[in-house]
Amino acid sequence: MKYKIQKSALLVVSMLLLIGCALSKEPKQYSSEDYKDAAQFMSRSWYGLVHNQVVSQDWTGDTVLTYAKRTAAGREFIAVHTATNEKKTAFDHQKLADALNALLDRDYKATNLPLRKITFDEKGHIKFSIGRQTFKANLSDYSVAKTTSTEVRTRRKEHLSPNKKLAAYIDNYNLWIRDIKTGKRTQLTFDGKKDYGYATNNAGWIKSDNAVLKWSPNSDKIATFQQDAREVGMMYLTSTNVGHPKLEAWKHPLPGDDAVFTIERVIIHLGKRPKTVRLKMDKDFQRGTTTDHIADWDGTLLDAQWSKDGAQFAFVSGSRDHKVAHLQIANSKTGRVRSIHKETVDTYYESGVDAENWKVLFDSNEFIWYSEKSNWGHLYLYDLTTKKLKNQITSGNWLVKQIKHIDPVSRAIYFIGGGKEAGNPYHDYLYKVGFDGAVLNNLTPEKGHHSIRFNASSNFFVDTYSTTTTPPVTLLRNANGEKVADLARGDLSALKAKGWVPPIEFNVKARDQKTDLYGLLYLPSNYDENNSYPVVNYIYPGPQSGSIRNFGFTPVGRDHQALAELGFAVVAVNAMGTPGRSKSFHDAYYGNMGDNGLPDNITTIQQLAKIHKGMDVERVGIHGHSGGGFASTRALLAYPEFYDVAVSGAGNHDNRNYEADWGEKWQGLLVKNDDGTSNYDNQANQLMVDKLKGKLLITHGSMDNNVPPSSTCLLYTSDAADDLLCVD
């Protein structure tokens, strides 16, 4: 399930306190002060207590990096000159604050100037923005003047062209463009209609009026599609209110449906007489190689790449079950499509971890392909003409996660990898490798989880690394990984003064007693091994992510420490069946989503209890939301001898009631047997309600348009729970 933020973390805390009451031999009575003290451990204000941390960065070409650092006093702006490696205060903060206050009649403090997009010009003057207004300051006398912004602003749901002269959008199922300067609107397509519109942004689980498209580099063409949803089934929600309920209805395919979303790819040529070229190929299933949609969050068409001149358009088509990935290239003028490379796998194909890692190198007549055929995600170089493998670029028992930059001149690839260095395999590092794969260098060798941000030219990058218990350290490096400057070293003094408790990072064995698992344990600040603490298992089973998103530093780990402060030992682990490891690790319960990684969660708790003697494995509760709601309920049904209580939020309790792309990727295509059973029965929670022994608390928003509440209704209509809390 795609992650959705819970309505209130306090609601979850309150519900989980029921676990303590249900499991405690002598239930503790909590006072309002107890709740207040615990709640501070999930306060967002704690993020501001990590001092000496980089909070923004702006580049002036390759010459100057200006960054803001959060300090105990406020915000400090510092400039690094890359030619000399000189680092100094970017400007006199007090003088600039005084000048701005005089100009704007404001009361800006020197320690909290709200500056954005800071650049230096050739005269040493600085330009910056406050809100939507731009300014220029002369640093010799600190005279400040408003300037006219050159930034082009589009309207909501518009896609700005690369040359910033046009904006594309949907109107009445057709695609239009607007001239930014004149405001002139031009209709590009004319045959779009309801359920058969252009650039439609609907994947069932998520929908938007924003268009899905990709501009050509020279802004004269648009790659998009006409989505066919005419025979696709509907999803319905009705509001709970006094008077007539409101109906929300939209197209939403389910596993096993005869009709699911398909797309007819088109390339639209602009100019005086816009023309639509329909690619000469069959309809594509609406499938992506990294996510359950073909649109990025901003509406950019995924798995799509233009050649620099816009003459060719590369894309990857996927089979309905995600087992086939097919790289193809279209002639943008004629619409002719040629097949380049096809990979077929037993389970599902993915082109990376949260990023596409295939790339067509039109200039050198090559392409880079990502494959897990060795059981690990690696890069391969192919000849674009012969389509034959030239060489494997990366190899070994570790994986490439995300390509960050490709330098075609030096024939080098910069990428994020995991599992190659000793220690936690979820720590990300930046590597550089040649196309021939001969030399592989780790550009960020410091132990920890590295977050990388290149400048526009990719000649420099800012590297921030940390662990779950050590604060962020930020460096500026050049493209060879050489340190240019130390930017900031995080200080936890203020956070610790508030009582912050570091989580305990652990490594245990999985259900097979061989595979390493990694997770986090949260114990009360007053933990005493001689006392007994019920265990709360937080779970998000994936399979597209795990219970722990990354192992870098955060001052607030969800509500975990807050719960611990109320007398629990809280456990979260990335179980088998989640990404970021080997292909076999990720495939662990393919075709059996009901597994949910629960056997790994159970053995994790049992192993930890042998080390932390205060953990009481006779009193174990579990909670989660969305996929975690599915898993927490399943835990109570499948393992009643281990789990006593579950709090389940918005669970997808039977994936036949969730969007087709999700279930058919992780469970497989629906196969119905003559006796009425199917290959989806092993994941359907409502078929196991007779196993319920513990206490189950279920919540689900009645207007949840991600995981429709019908999944939860399947449970309570089957007497799965005595009590149901509905949240509208």
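The structure reproduced in this document is the subject of the present report.

The rules behind these values
- Counting restarts for each chain: residues are numbered from 1 in the order of the written sequence.
- It should be noted that, the model being predicted, local features are given only for residues of pLDDT at least 70 and side-chain atom pairs only at 80 or more, the latter also being counted only at that level, while totals for whole chains, interfaces and linings use all residues.
- Neither water nor hydrogens contribute to the side-chain values; these are computed over all heavy atoms in the structure.
- Side-chain atoms within 4.5 Å are what join buried Ala, Val, Leu, Ile, Met, Phe, Trp, Tyr and Cys residues into a set we call a nonpolar core.
- Partly exposed describes any residue whose relative accessible area lies between the buried limit of under 20% and the exposed limit of over 50%, with all areas from a 1.4 Å probe on protein chains only and scaled to the type maximum.
- Each aromatic pair joins two rings of Phe, Tyr and Trp (for Trp, the six-membered one) with centres within 6.5 Å, and gets the label stacked for planes under 30 degrees apart, edge-to-face for over 60, and tilted for any other angle.
- Only runs of H or I of at least four residues qualify as helices and only runs of E of at least two qualify as strands under DSSP, and these elements are numbered from the N terminus.
- For this document, the term salt bridge refers to a Lys or Arg side-chain nitrogen within 4 Å of an Asp or Glu carboxyl oxygen.
- DSSP bridges decide pairing: two strands pair if at least two such bridges lie between them.
- The axes are straight lines fitted to the C-alpha atoms, using for helices just the contacting stretch, and the angles between their N-to-C directions are given from 0 to 180°.

**Some points on the nonpolar core**
Piece 1. Ranked by size, the top nonpolar core spans 47 residues in total, and within it Val571, Ile605, Met615 and Tyr643 carry the most contacts.
Piece 2. Counting residues in each nonpolar core, the second largest holds 35 residues, with Phe362, Ile393, Val433 and Phe435 among its members.

**Let's talk about the packing of aromatic side chains**
Aromatic ring pairs are defined here through the distance separating the ring centres and the angle between the ring planes.
Piece 1. By the definition in use, this model includes 24 aromatic pairs.
Piece 2. Measuring from ring centre to ring centre gives 5.7 Å for tyrosine 414 and phenylalanine 454, while their planes differ by 75°; the resulting arrangement is edge-to-face. On the criterion of sequence distance, the pair formed by tyrosine 414 in strand S31 (residues 412-418) and phenylalanine 454 in strand S34 (residues 449-454) is long-range, its members being 40 residues apart. Per residue, the accessibility class of tyrosine 414 equals that of phenylalanine 454, and both read buried.
Piece 3. Pairing phenylalanine 642 with tyrosine 643 gives two aromatic rings, centres 5.0 Å apart and planes at 85°, and the pair type is edge-to-face. We note that phenylalanine 642, like tyrosine 643, is buried.
Piece 4. Put simply, the rings of Tyr348, Tyr590, Tyr658, Trp662 and Trp666 pair up and form one aromatic cluster.

**Brief notes about the pattern of salt bridges**
Piece 1. For the coordinates displayed, the defined rule picks out 33 salt bridges.
Piece 2. Note that lysine 207 and glutamate 248 form a salt bridge whose closest N and O atoms lie 2.8 Å from each other. Here glutamate 248 lies in strand S18 (residues 247-251) and lysine 207 lies in strand S14 (residues 207-208), a separation of 41 residues in the sequence.
Piece 3. Its relative accessible area of 34% is what places lysine 207 among the partly exposed residues.
Piece 4. Here lysine 583 ties to aspartate 587 by a salt bridge, and the two come within 3.4 Å at their closest N and O atoms.
Piece 5. The buried category is assigned to lysine 583, whose relative accessible area is 9%.
Piece 6. Within this structure, Asp191, Asp228, Arg230, Glu264, Arg278 and Lys283 form a network of salt bridges that share partners.

**Overview of the sheet that holds strand S25 (residues 337-344)**
Piece 1. Ordered in space as S22-S23-S24-S25, the four strands form an open sheet in which the pairing is antiparallel. Among the strands making up the open sheet, the edge pair consists of strand S22 (304-306) and S25. Between one strand axis and the next, the sheet turns by 15° as a mean value, whatever way the strands run.
Piece 2. As judged from the seven bridges shared by strand S24 (residues 324-331) and S25, these two strands associate in the antiparallel manner. For histidine 326, the partnering residue across the bridge sits in S25 and is lysine 342.

Note that every value here comes from positions in space, so none of it alone points to a role or purpose.
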